[in-house]
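A look at the structure
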Amino acid sequence: MKRTRIAVMAAAAALILGACGNAGEEDTGSDDTKVADNAAAQFEDGTRMKELAESGKVKIGVKFDQPGLGFKKAGVDVPTGLDVEMGKIIAAKLGIKAADVEWIETISDNREPFLQKGTVDFVLASYSITDERRKVVGQAGPYYLTGQQLLVKKGSDIKGVEDVKGKEVCSVTGSTSLAQIEDKGAKARGFETYSQCRDQVLDGAVGAMTTDGSILLGYAAENPDELEVVGKPFSEERYGVGYNKDQPELCEFIQDTLKTAQDDGAWAKAFEATLGKSGVETPEPPAMDPCP
């Protein structure tokens, strides 16, 4: 009898263990899948956010040649910079990890076509918000304010735009920056790339380099002991997130995501890890435009 009771107890224990094992096997979803499912659940059916969250993939267009904003070193998969960090914040809100973002090099000339054709889902590529652009694509933000400034060697007697009269100042050939600095009385010199212009400043061949302050801060961050950005901006550029105008629901999503990042400190951390390396103080994040 004792042996029978032991056998019955063993069988019962086996059944309990087996039931527990089956219960565990039913929950076959990985942690990543659960995160994606949870993210997708917050969005309404039929929205682009829902589609992206369910797919677990997103394509973001950034520059690959602007240190501090969007810069990709040879042999490295993921670019770096403030634009990239903002892209990661947007992807995270969709439940998409940075490793699952497809970073696509986007230059100034193809930003609108990439959005219209669906080559990318978002553009964060020093993408200034303008009325003309908003006629063909959506632009949410701004998430960063900048303006034309000056990059000089530390110790330079050029402290601001008022000091450039009669001095050589370089930028990229054909840029509006060259025309604007010439209007300030400088001797404008054009080069094919920003890096060539930067080298001229380092060598002392020209007195300063000029373009958007955000780009200049990126170069200063690479050479913090030799270069610095000086003077107040003498133009205004408002960087925004580009999206397809046929998906207007993305505007509120982007605005809410950026506002949360401003409030919880993620925006400041992104700035300090990128443009902030130049030594400049972390600015107050900008107020954003209302969605259309």
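Everything discussed here concerns the structure shown above.
For the structure given in this document, a descriptive report is provided here. (Residues numbered from 1 in each chain as written. Predicted model: local features only at pLDDT ≥ 70, side-chain atom pairs only at ≥ 80, totals over all residues. Heavy atoms only, no water.)

Brief notes about the overall build of the protein
Applicable threshold: Numbered from the N terminus, helices here are DSSP runs of H or I no shorter than four residues, and strands are runs of E no shorter than two. Note on contacts: a residue pair qualifies if any of its non-hydrogen atoms lie within 4.5 Å across the two residues. A 1.4 Å probe and the Shrake-Rupley method give the accessible areas. Residues count as covered only by the protein chains that appear here.
Across its full length, the protein carries 10 helices and 12 strands. Within the protein, residue pairs in contact and separated by at least 24 positions form 67% of the contacts whose partners lie at least 6 positions apart. Taken as a whole, the protein presents about 15100 Å² of accessible surface, with 50% of it coming from carbon and sulfur.

What about the sheet that holds strand E11 (residues 227-230)?
Our working rule: Pairs of strands are assigned from DSSP output, requiring at least two bridges between the strands. All axes are obtained by fitting lines to C-alpha atoms, using only the stretch in contact for helices, and the reported angles, taken between N-to-C directions, cover 0 to 180 degrees.
An order of E9-E8-E10-E7-E11 is seen for the 5 strands of this open sheet, with the pairing classed as mixed. Only two strands of the sheet have a single neighbouring strand rather than two, namely strand E9 (187-191) and E11. Strand-to-strand twist across the sheet, computed as the mean angle between neighbouring axes with direction ignored, equals 35°. Of the pairings in the sheet, the one linking strand E7 (residues 148-153) to E11 comprises 4 bridges and is antiparallel in character. When the sheet's bridge partners are listed, Leu151 is paired in E11 with Val229. Its contacts with the sheet place helix H7 (residues 194-203) against E7, strand E8 (168-172), E9, strand E10 (208-212) and E11, and it is angled at close to 145° to E10. The strands touched by helix H8 (residues 213-222) within the sheet are E7, E10 and E11, with E10 carrying the most contacts at an inclination of about 130°.

Examining the nonpolar core
Burial of nonpolar side chains together is a common tendency in soluble globular proteins. To be explicit about the condition: Joining through side-chain atoms within 4.5 Å is the link that ties buried Ala, Val, Leu, Ile, Met, Phe, Trp, Tyr and Cys residues into a set, and such a set is a nonpolar core. Think of it in three bands: residues with accessible area under 20% of the maximum for their type are buried, residues over 50% are exposed, and the middle band is partly exposed, with areas taken using a 1.4 Å probe on protein chains only.
In this structure, Met86, Phe122, Tyr143, Tyr144, Phe253 and Ile254 are the most contacted members of the largest nonpolar core, which totals 52 residues. Setting aside its immediate chain neighbours within four residues, Tyr144 contacts Leu82, Ser214, Leu217, Glu237, Arg238, Tyr239, Trp267, Phe271, Leu275, Pro283 and Pro286. Core analysis: the second largest hydrophobic core is formed by 10 residues, Leu150, Val152, Ile158 and Val161 among them.

Some details on the pattern of salt bridges
Stated precisely, the cut-off is as follows: Salt bridges are identified by distance alone: a Lys or Arg side-chain nitrogen within 4 Å of an Asp or Glu carboxyl oxygen.
Inspection of the entire model under this criterion finds 13 salt bridges. In this structure, Glu112 and Arg133 form a salt bridge, with 3.6 Å as the shortest nitrogen-oxygen distance. Residue Glu112 is found in helix H5 (residues 111-117), and its partner Arg133 is found in the loop between strand E5 (122-123) and strand E6 (138-146); the two are separated by 21 residues along the sequence. Residue classification places Arg133 among the partly exposed positions, given a relative accessible area of 22%.

Focus: the layout of surface pockets
Selection rule: Each cavity reported here is a set of points on a 1 Å grid over the protein atoms alone in which a 1.4 Å probe fits but cannot get out, each pocket an open set with protein on both sides within 12 Å along at least five of seven lines, and each lining residue one with an atom within 4 Å of a point. Grid points are joined across faces, edges and corners, and a volume is the space filled by probe spheres set on the points.
Taken as a whole, the largest pocket holds about 730 Å³ of empty space. Forming the walls of the largest pocket are 32 residues, and the residues nearest its centre are Lys63, Gln66, Ser108, Tyr194 and Ile215. Put simply, the parts of the chain that give the lining of the largest pocket at least two residues each are strand E2 (65-66), helix H6 (176-183), H7, E10 and H8. Taken as a whole, the second largest pocket encloses approximately 330 Å³ of empty space. As for the second largest pocket, its lining consists of 21 residues, of which Tyr144, Gln149, Leu217, Val229 and Val280 are closest to the centre. For the lining of the second largest pocket, the secondary-structure elements that each account for two or more residues are E6, H8 and E11. The leading source of residues in the lining of the second largest pocket is H8, at 4 residues.

A word on the side chain of Thr257
On the secondary structure map, Thr257 appears in helix H9 (residues 249-264). If we skip the residues at most four places from it in the chain, Thr257 touches Ile89, Ile90 and Lys93.

A look at unusual backbone geometry
At the junction of Gly141 and Pro142, the peptide bond is cis and its omega measures out at 10° in the coordinates. Even without glycine at this site, Ser126 takes up a positive phi of about 40°. Residue placement: Ser126 occurs in the loop between E5 and E6. A residue is classified by how much of its surface remains accessible, and Ser126, at 9% relative accessible area, is buried.

Side note on helix H4 (residues 82-93)
Defined as follows: In this analysis, the expected span of each helix is defined as 1.5 Å times one less than the number of residues it contains.
Over its 12 residues, H4 extends 17 Å from the first C-alpha to the last, a length consistent with the 16 Å expected when each residue adds 1.5 Å. Burial in H4 covers these residues: Leu82, Asp83, Val84, Met86, Gly87, Ile89, Ile90 and Ala91. Downstream of H4 by a residue or two, Gly95 has a phi angle that is positive, lying close to 80°.

Examining the environment of Glu236
Relative to the assigned elements, Glu236 resides in the loop between E11 and strand E12 (237-243). Judged by its relative accessible area of 56%, Glu236 is exposed. Remark: the alpha-carbon pair of Glu236 and Gly213, spanning 23 residues in sequence, is separated by 9.7 Å. Setting aside its immediate chain neighbours within four residues, Glu236 contacts Thr146 and Gly147.

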